[in-house]
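Residue strings, one per chain:
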Amino acid sequence: MTTTTLALGAALGAGLRRALEHDRKVVIMGEDVGRLGGVFRVTDTLQKDFGDNRVIDTPLAESGIVGTAFGMALRGYRPVCEIQFDGFVYPAFDQIVSQVAKIHYRTAGKVTAPLTIRIPYGGGIGAVEHHSESPEAYFAHTAGLRVVSPSNPADAYTMIQQAVALDDPVIFLEPKRRYWDRAEVDLDAEPDLPLDRARVTRAGTDVTVVTFGSMVATALQAAQIAETEGHSVEVIDLRSVSPVDFDTVEASVRRTGRLVVVQEAPVFCGIGAEIAARLSERCFYQLEAPVLRVGGFDIPYPPAKLESHHLPDPDRILDAVDRSLAA
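Residues numbered from 1 in each chain as written. Predicted model: local features only at pLDDT ≥ 70, side-chain atom pairs only at ≥ 80, totals over all residues. Heavy atoms only, no water.

- The name given to the protein chain in an unreviewed UniProt entry is 3-methyl-2-oxobutanoate dehydrogenase subunit beta, with Rhodococcus ruber BKS 20-38 as the source organism.
- The record held by UniProt for the protein chain lists under Catalytic activity (unreviewed entry) the comment "N(6)-[(R)-lipoyl]-L-lysyl-[protein] + 3-methyl-2-oxobutanoate + H(+) = N(6)-[(R)-S(8)-2-methylpropanoyldihydrolipoyl]-L-lysyl-[protein] + CO2". (UniProt positions renumbered as here; feature names shortened; annotations may be inferred.)

1. Description of helix H3 (residues 62-74)
Point 1. Taking 1.5 Å as the rise per residue, H3 with 13 residues should run 18 Å; its terminal C-alpha atoms sit 18 Å apart, in good agreement.
Point 2. Of all the residues in H3, the buried ones are Glu-62, Ile-65, Val-66, Ala-69, Phe-70, Met-72 and Ala-73. Looking straight down H3, one finds that the buried residues subtend no more than 165° of arc, so they occupy a single side.
Point 3. A positive phi of about 105° marks Gly-76, the residue just after H3. (Helix = DSSP H or I, 4+ residues; strand = E, 2+ residues; numbered from the N terminus. Expected span 1.5 Å × (residues − 1). Buried < 20%, exposed > 50% of the residue type's maximum accessible area, 1.4 Å probe, protein only. Arc of directions from axis to C-beta.)

2. A short note on the domain arrangement of the protein chain
Point 1. Examined at the domain level, the protein chain breaks down into domain 1 (3-186) and domain 2 (199-326).
Point 2. Taking only C-alpha atoms, the centre of domain 1 and the centre of domain 2 are 26 Å apart.
Point 3. In this complex, domain 1 contributes 26 residues to the contact, which on the side of domain 2 involves 23 residues.
Point 4. Interface area for domain 1 against domain 2, summed over the two sides, is near 1800 Å², with a carbon-plus-sulfur share of 50%.
Point 5. Between the two partners, domain 1 and domain 2, sit three salt bridges.
Point 6. The residue Arg-199 makes a salt bridge to Asp-155 at a minimum N-O spacing of 2.8 Å. (Domains from an automatic or database assignment. Contact = heavy atoms within 4.5 Å. Buried area = accessible area lost by both parts, 1.4 Å probe. Salt bridge = Lys/Arg side-chain N within 4 Å of Asp/Glu carboxyl O.)

3. Comments concerning the environment of Leu-187
Point 1. Within the secondary structure, Leu-187 sits in the loop between strand S8 (182-186) and strand S9 (199-202).
Point 2. In this structure Leu-187 comes out as partly exposed when scored by relative accessible area, which is 26%.
Point 3. Distance in space between the C-alpha atoms of Leu-187 and Gly-15 is 8.4 Å, their sequence separation being 172 residues.
Point 4. The residues contacting Leu-187, other than those within four sequence positions of it, are Thr-2, Thr-4, Leu-6, Ala-14, Arg-18 and Tyr-157.

Listed below in structure tokens is the structure:
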């Protein structure tokens, strides 16, 4: 094994490097991904090592980036687009939901779109307007797209390679507040789970907490605090929000009898709502309390000075856990 300690952002870069080495049809493109190495330096040194015909600096035009990448995908390439910030993806929204997501179905399975769209998303870094949004529900609602989000460096390293290798279009959401979280990564590792499989990151017996992306670390903090109060919390990292691994969540809820769903996005019409509805159907007779949701408030993302009040924290998760256990 070749293990090293990497931040999540660096692990993504290492995974992209391995994808570039493995398949000459892999191409990275986006604003400042080449000479600058990306706003968060995820693609640092890749243009230097692979050339500007494979790591391509594009104009500031998200619709053009995705549209060009889509055409390349139809011609046999495996493009990886970087959208600089979550709030900048909307100019490309029509390309993604009207063209990229539908080509496989429209052609009765004859044409694929092996396209990965990387989006740094979420808050917690004190950014300005349009730099801290959580758009996962828009894309998860669109049939034909896979939507995934790693929560730690090891998963980031393998999941980006899995996404690039798929023939399906993948929205790859990168929790920007976790870019600098560090952990050991095995650079020789093969994926230990399919891309759409959830992971039980902490075993527990009293209540299940399901989340993804940046909120996994927050949920684990809450679980540690709950343990000091005599409560055993199981934490599940979904990893994929479309499709969702409902079987893993169901197995956990059947054991614990309680479920709290956590997301950074506003609660209304979010991923948590779908999980709450599905698990209420599938575990109706096992649930000992209503399924509870924790998320951002139903407001446009607030100014940076107020974001700590908007984002779910361990206290808000623990409040939901306490309410579930008291039901």
